[in-house]
Amino acid sequence: MKVVIEDSWKSALKDEFEKEYFKELTTKVKDSYLSKSVFPPPKLVFNAFALCPFDQVKVVIIGQDPYHGKGQAHGLSFSVPDGVKVPPSLQNIYKEIKADLGKNLPTSGNLERWAKEGVLLLNATLTVFESNAGSHQGWGWENFTDAVIKKVSDEKEGVVFMLWGRFAQNKESLIDGTKHLILKAPHPSPLSAYNGWFGSKHFSQANEYLKSKGEEPIDW
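The sections below set out a description of the structure shown in this document.

Here is what the cut-offs are and how they apply
- Residues numbered from 1 in each chain as written.
- Predicted model: local features only at pLDDT ≥ 70, side-chain atom pairs only at ≥ 80, totals over all residues.
- Heavy atoms only, no water.
- Salt bridge = Lys/Arg side-chain N within 4 Å of Asp/Glu carboxyl O.
- Helix = DSSP H or I, 4+ residues; strand = E, 2+ residues; numbered from the N terminus.
- Buried < 20%, exposed > 50% of the residue type's maximum accessible area, 1.4 Å probe, protein only.
- Pairing = 2+ DSSP bridges.

Considerations on the pattern of salt bridges
Then comes step 1: Scanning all chains against the criterion turns up eight salt bridges.
Then comes step 2: Put simply, Lys19 and Glu16 hold a salt bridge, and the shortest N to O gap is 3.2 Å.
Then comes step 3: Lys150 is the partner of Asp154 in a salt bridge, and the nearest nitrogen-oxygen pair spans 2.8 Å. Residue Asp154 and its partner Lys150 are both found in helix H7 (residues 141-155); the two are separated by four residues, about one turn of the helix.
Then comes step 4: In this structure Lys150 comes out as partly exposed when scored by relative accessible area, which is 40%.

Thoughts on unusual backbone geometry
Then comes step 1: For the peptide bond that leads from Phe39 to Pro40, omega is -5°, which places it in the cis range.
Then comes step 2: With respect to the secondary-structure elements, Pro40 resides in the loop between strand E1 (38-39) and helix H4 (47-51).
Then comes step 3: Located in the positive-phi region is Ser131, a residue other than glycine, with phi close to 60°.
Then comes step 4: Topologically, Ser131 is positioned in the loop between strand E4 (128-129) and H7.
Then comes step 5: Using a relative accessible area of 57% as the deciding quantity, one classes Ser131 as exposed.

A word on the pairing of strand E2 (residues 59-63)
Then comes step 1: E2 sits mainly inside the fold: five of its five residues count as buried.
Then comes step 2: The alternating pattern of E2 places Val59, Ile61 and Gly63 and Val60 and Ile62 on opposite faces, both of which are buried.
Then comes step 3: Note: E2 against strand E5 (residues 160-164), three bridges, orientation parallel. Among the inter-strand pairings, Ile61 is bridged to a residue of E5, identified as Met162.

These results come straight from atomic positions and should not be treated as a statement about function.
Dropping the structure here:
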């Protein structure tokens, strides 16, 4: 079965694409696009991989599932296209970056520039029905994205994994903490950001770690 995904990821994940759960998942997702409004647009489902090839991954940020409002999701966790209002969680991410690194708050919520610098903005579920959060959870996407996390952990060294909130932190067992940096904090959502997200300093910690490994830091 042909999966349209960036070449280095296609090679890294080739065994996953042949598994029965993935074949069932792709059939279900294709059918859902034909029957209802689904986000992101089909060509952007694997956008996180297109913008951040396997050999360029320096940081992994794990989200839960895509935004379910029209025009918001474009295949990158926490990110929205230019011209779309910056969502509350991303506003809090920007505020922490300003406090941590002294950078001004961006006016755009588009994080493509992070992805192109080596930040894999990975949602655990890659598709969603319009106006129905979490509606494609349990379809098999989690099996696939868990395999992605494990592949990065197993085959790379010196990657920063940012686990924000309980959902992301449940992925910690997939990561080898002896050869990667795992940073954990509450989710940046307004519901939990004041419980330890603000002041977590993940962005400066990530850059110091990357520099210690001889890597260029991320221009957050």
